[in-house]
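Structural features, examined
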Amino acid sequence: MLTNTLKQKLVAGRPATVIAPFATSAGLVEFLGHLGFDGVFLDCEHGPAGWEDIEHMARAAEVAGYSSVMRVDRNDAATITRALDRGVGGLQIPHVNTAAEADAAVQHAKYAPLGHRGWSGWRAALGENSADYARKANAETLVAVMLEEVEALHNLDEILRIDNIDVFFVAPGDLAQSMGFPGQVDHPQVSAAIEDALRRVRAAGRTSGTLTTPALLDRHLDLGVLFLYIGLSSLLSPTATEFVQRVQKA
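Presented here is an overview of the structure given in this document. Source: prediction; values computed, not measured. (Residues numbered from 1 in each chain as written. Predicted model: local features only at pLDDT ≥ 70, side-chain atom pairs only at ≥ 80, totals over all residues. Heavy atoms only, no water.)

**Digging into the nonpolar core**
Among the nonpolar cores identified, the biggest contains 53 residues, and Tyr66, Met70 and Leu91 are the most heavily contacted of them. In this structure Met70 touches Leu42, Cys44, Trp51, Ile54, Ala83, Val88, Gly90, Leu91 and Gln92, once residues within four positions along its chain are discounted. Of all hydrophobic cores here, the second largest spans 16 residues; its members include Leu6, Val18, Val69 and Val167. (Core = buried A, V, L, I, M, F, W, Y, C linked by side-chain atoms within 4.5 Å. Buried < 20%, exposed > 50% of the residue type's maximum accessible area, 1.4 Å probe, protein only. Contact = heavy atoms within 4.5 Å.)

**A short note on the pairing of strand E2 (residues 39-43)**
Among the five residues of E2, five are classified as buried, and the element is accordingly described as predominantly covered. Both faces of E2 are covered, namely the face carrying Gly39, Phe41 and Asp43 and the face carrying Val40 and Leu42. The pairing of strand E1 (residues 16-20) with E2 spans two bridges and is parallel. Paired with Ile19 across the bridge in E2 is Val40. A crossover connection joins E1 to the parallel E2 through helix H2 (residues 26-33); in handedness this β-α-β unit is right-handed. With helix H3 (residues 51-64) bridging E2 and its parallel neighbour strand E3 (residues 67-71), the resulting β-α-β unit is right-handed. (Helix = DSSP H or I, 4+ residues; strand = E, 2+ residues; numbered from the N terminus. Pairing = 2+ DSSP bridges. Right-handed = clockwise from strand over helix to strand, strands pointing away.)

**What to know about the sheet that holds strand E4 (residues 90-93)**
What the eight strands build is a closed barrel, ordered E1-E2-E3-E4-E5-E6-E7-E8; its pairing is parallel. Pairs of neighbouring strands in the sheet enclose a mean axial angle of 25°, with direction left out of account. Bridge count between strand E7 (residues 208-211) and strand E8 (residues 227-231): three bridges; the pairing is parallel. Within the sheet, the bridge partner assigned to Gly209 lies in E8 and is Phe227. Across the face of the sheet, H3 comes into contact with E2 and E3 while running at roughly 155° to E3. (Axes fitted to C-alpha atoms, helices over the stretch in contact; angles between N-to-C directions.)

**A word on the packing of H2 against H3**
Where H2 contacts H3, the two axes come as close as 8 Å, and the packing angle between them is 25°. Here H3 runs roughly parallel to H2, going by the angle between their axes. Both H2 and H3 take part in a crossing whose hand is right-handed. Mapping the contact onto sequence places Ala26, Val29, Glu30 and Gly33 in H2 and His56, Met57, Ala60, Ala61, Val63 and Ala64 in H3. When the residues that make up the contact of H2 with H3 are grouped by side-chain class, the tally is seven nonpolar, two polar and one charged. (Parallel < 35°, antiparallel > 145°, perpendicular 65-115°, else oblique. Left-handed = near helix turned anticlockwise from the far one by under 90°. Nonpolar A, V, L, I, M, F, W, Y, C, P; charged D, E, K, R; others polar.)

**As for the pairing of E1**
Counted residue by residue, E1 has four buried out of five residues, so it is predominantly covered. Sheet analysis places E1 next to E8, joined by five bridges and oriented parallel. If you follow Ala16 over to E8, its bridge partner there is Phe227.

Here it is, written out as structure tokens:
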């Protein structure tokens, strides 16, 4: 089982970049890994990837020397076990609103004595000594919980007390909708709620994450965000648009 370099960087208190291509291409995952990102985000909640795609993309990330983080579509033991058995380096669990739900995510993702993940491992366990595999998997698997509703922010102090969670990810899109501002992630009340949550995570000595952009990066770094998730489109679109416009004006 490979060392999770993304998790190591976060444990060391260093900012880490996670690129989200929203694609099913192992080739694209491999290419992005050579651009210096620390992790790649494989989306199975909103994205099109299937189980075989995930396995190929996780393998491509390993070839490129960076970590894979898969967003599952629900906080479910069977789904989480199957995801980890594909060999991804970490999981992002959506819609975690209570401490009990956060603890359940940990239980699903970790082997005993930390949890009750179903025993298999599949490709992640290949070549490993069975006696050591559970310990290594527990140490290397990254667990991120997504705080996406007002309820999660109300319960944040209790959620932050749950051990073995590596990232507390404040998700702007669903949070804006939960606050009554669908599609308005830059609404002042939404921005204030996001920043307050990020500060609370940092004050508790835990690791925060959020969706960033080139325009928001400095602000998020000032707030102590370490898990910096960015969509490929937000990096590609401005450059592509400028290129096309320059050609059109020529």
